Amino acid sequence: MPGKTPEKAELRFGEKSWELPVLKGSAGDIALDIRSLRKQSGMVVFDPGLANTACCASRICFVDGEKGRLFYRGYPVEYLVENHEFVEVAYLLVHSRLPDPDERLRFSKLLNRHSLIHEDMQHFFRNYPEGAHPMAILSAMVVSLSTFYPELEASAEEEIDVTVTRLLSKLRTIAAFSYKKSVGEAFVYPSHRLKYCENLLNMMFSSPVVDYQLDPVVVRTLDRVLTLHADHGQNCSTTTMRTVGSAGANLYASVAAAICALWGDLHGGANQAVVDMLERIAADGGNVERAVEDAKSGDRSRRLMGFGHRVYKAYDPRARIAKKLYHDLARHLELDDPLHEIAVRLEEKALTDPYFTERGLYPNVDFYTGLIFRAIGVPRDMFTVMFALGRLPGWIAHWLEQYSSTERRIVRPRQLYVGPDPRPHRTSPS
Ligand code: CMC
């Protein structure tokens, strides 16, 4: 729970006034506690998009939007990306501490043990039409997991580890199988010899006839990109996860709902939308000036994808890391992607335009990650699946935090009704 401050805020309306407690977060954020407001005054607060509403108190992630900084459980994301693997970061988010060597080994063994999906579930893949979007398959398969595996019932660390590793490991297998289904190739099973990202790449890109050559730079880049996505406070999908979980829905159902929320192109789907946009600009002769002018028109469909953020009004620290990862990878792979140069020019143009600087619109994490996935050979409709794999530990950590909280309440916001008055109507005879 956030700390209560001795000060109270006073709200006045007409002749009346009310006192409201003021709360303080551990990073100095101040919040007006309006829980008693309706009882005292009859008023609700109006905040479409929950743009200025703290829906919960959380210890998992701190996003400093003004300074452009991000911390998972107190560690700066830059430190974690540089020094720890995604699996360790997942452990950190769930258990609030980095694993010691024994815990790391045990976690890896569990990831291996749970990597296969039930043979019966494989039949489900066959019935999806060709070209089915992998995000749809991913969500449906995750909710189906609840029919094969038990719900989390206790909060003992061991049981949490089993459930968490089962989800982390199986989501990766489902993601790879969704890809294989979409290209009509045979499934490749996970291997105990390979680490988390090696396994993912191998299941996606090797085939019964051709081995995939794992490139350590590609593996490490993908691992780092997953870490960049691992959590981000109350983003749309995490809030969806908490909302669904608040009603008592199980972990699998809550993750399936979060995957659907992530799919939208204002959220995780932006990585796919960025590459679509860059291709449109390339088809327009690389005219980034026109793209920037269009984006300023106020027409939502012409916004610069991969730009802007609800919380960051400074450069997104994840975008800074992703940009460097992309440039390093492009150099290593000796890439000659025409979209690379367009992305760089588009960023430069937008960052010197007052429309963008005055509104604090900078590249966000999705601006360069789409190009990274493209460089690795991930097909476009799998980009958001990659984001989902990365965000999974954050979703789980938030679900668990809420599950074990004594303050858990069903998420049930109010609305400001603006519809018709009760209308005259005839009661039909029974
Ligand atoms: N291009 C052009 N103008 C923009 C953009 C953009 N990408 N983003 C915001 N604006 C303008 C917007 O038109 C508004 O202008 P005005 O004040 O004149 O009305 C102002 O900036 C504030 O925008 P907003 O819509 O109030 O911002 P929001 O906090 O509601 O939306 C956002 C945040 C991320 C949805 C939005 O910036 C956007 O649509 N970006 C493009 C999609 C995108 O890249 N999404 C990925 C987000 S990061 C990864 C993740 O968390 O999923």
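These figures come from a predicted structure and were not determined experimentally.

Here is what the cut-offs are and how they apply
- Residues numbered from 1 in each chain as written.
- Predicted model: local features only at pLDDT ≥ 70, side-chain atom pairs only at ≥ 80, totals over all residues.
- Heavy atoms only, no water.
- Salt bridge = Lys/Arg side-chain N within 4 Å of Asp/Glu carboxyl O.
- Helix = DSSP H or I, 4+ residues; strand = E, 2+ residues; numbered from the N terminus.
- Disulfide = S-S within 2.5 Å.
- Domains from an automatic or database assignment.
- Pairing = 2+ DSSP bridges.
- Axes fitted to C-alpha atoms, helices over the stretch in contact; angles between N-to-C directions.
- Near = heavy atom within 4 Å.
- Polar contact = N/O pair within 3.5 Å; in protein donor to acceptor, adjacent residues only side chain to side chain.
- Nonpolar A, V, L, I, M, F, W, Y, C, P; charged D, E, K, R; others polar.
- Buried < 20%, exposed > 50% of the residue type's maximum accessible area, 1.4 Å probe, protein only.
- Contact = heavy atoms within 4.5 Å.

Visitor: I'd like to hear about the pattern of salt bridges, residue by residue, with values.
Guide: Per the counting criterion, the structure on display carries 26 salt bridges. A salt bridge links Asp 337 to Arg 374, with the nearest nitrogen and oxygen atoms 2.7 Å apart. Of this pair, Asp 337 sits in the loop between helix H14 (317–333) and helix H15 (338–351) while Arg 374 sits in helix H17 (residues 366–376); the two residues are 37 residues apart in sequence, bridging distant segments of the chain. Here the salt bridges do not stand alone but share partners, grouping Asp 276, Glu 279, Asp 337, Arg 374 and Arg 380 into one network.

Visitor: Quick one: what's the story with the state of the cysteines, residue by residue and with numbers?
Guide: Considering all chains together, one arrives at 0 disulfides under this definition. Of the cysteine sulfurs around Cys 197, a residue in no disulfide, the closest is that of Cys 61, at 20 Å. Between Cys 260, a cysteine without a disulfide, and Cys 236, which holds the nearest cysteine sulfur, the sulfur-to-sulfur distance is 11 Å.

Visitor: I'd like to hear about the domain arrangement of the protein, residue by residue, with values.
Guide: For the protein, the domain assignment lists domain 1 (3–57), domain 2 (77–263) and domain 3 (270–376). Put simply, the middle of domain 1 and the middle of domain 3, counted by C-alpha atoms, are 37 Å apart.

Visitor: Outline the sheet that holds strand S1 (residues 3–13), supporting the account with residue identities and numerical values.
Guide: Taken together, 3 strands build an open sheet; the order of strands is S1-S2-S3 and the sheet is antiparallel. Among the strands making up the open sheet, the edge pair consists of S1 and strand S3 (30–32). Across the sheet, the mean angle separating the axes of adjacent strands is 30 degrees when strand polarity is ignored. With 8 bridges joining them, S1 and strand S2 (residues 16–24) adopt antiparallel strand pairing. Looking at the pairing, Lys 4 lines up with Leu 23 of S2.

Visitor: How would you explain the site of the ligand if you had to name every residue and give the values?
Guide: Contacts to the ligand come from 20 residues, most closely from His 267, Arg 303, Leu 304, Gly 306 and Arg 310. The contact in question runs from a nitrogen atom of the ligand to an N or O atom on the backbone of Leu 266, over 2.8 Å. Within the side chain of Asn 364, an N or O atom sits 2.9 Å from an oxygen atom of the ligand. Broken down by class, the residue content of the shell around the ligand amounts to 9 nonpolar, 6 polar and 5 charged.

Visitor: Talk me through helix H8 (residues 196–205); I want residue IDs and the actual numbers.
Guide: Within H8, 8 of the 10 residues are buried, leaving the element largely enclosed by the surrounding structure. Three or more residues of H8 are buried, namely Tyr 196, Cys 197, Asn 199, Leu 200, Leu 201, Asn 202, Met 203 and Met 204. The secondary structure elements touched by the buried residues of H8 are helix H3 (86–95), helix H4 (101–113), helix H7 (157–183), helix H9 (216–229), H17 and helix H18 (383–403).

Visitor: Any chance you could break down the sheet that holds strand S5 (residues 69–72) for me, citing the residues and the numbers?
Guide: If you walk across this open sheet you meet the 3 strands as S4-S5-S6, and the pairing is antiparallel. Each edge of the sheet is formed by a strand with only one pairing partner; in this case those strands are strand S4 (61–64) and strand S6 (75–76). Pairing analysis gives 2 bridges linking S5 to S6, with the strands arranged antiparallel. What sits directly across from Phe 71, in S6, is Pro 76.

Visitor: Requested: an account of the pairing of S1, with residues and values cited.
Guide: Within S1, only 1 of the 11 residues are buried, which leaves it mostly out in the open. As consecutive antiparallel partners, S1 and S2 are separated by 2 residues, and within that stretch Gly 14 has a phi angle of approximately 60 degrees, a positive value.

Visitor: Which residues make up unusual backbone geometry, and what values go with them?
Guide: Peptide bonds are mostly trans, and most non-glycine residues show a negative phi. In this structure, Arg 73 takes a positive phi of about 50 degrees despite not being glycine. Turning to its location among the elements, Arg 73 is positioned in the loop between S5 and S6. Residue Ser 96 is not a glycine yet carries a positive backbone phi of 60 degrees. By secondary structure assignment, the location of Ser 96 is in the loop between H3 and H4. Residue Ser 96 is classed as partly exposed on the basis of its relative accessible area, which comes to 42%.

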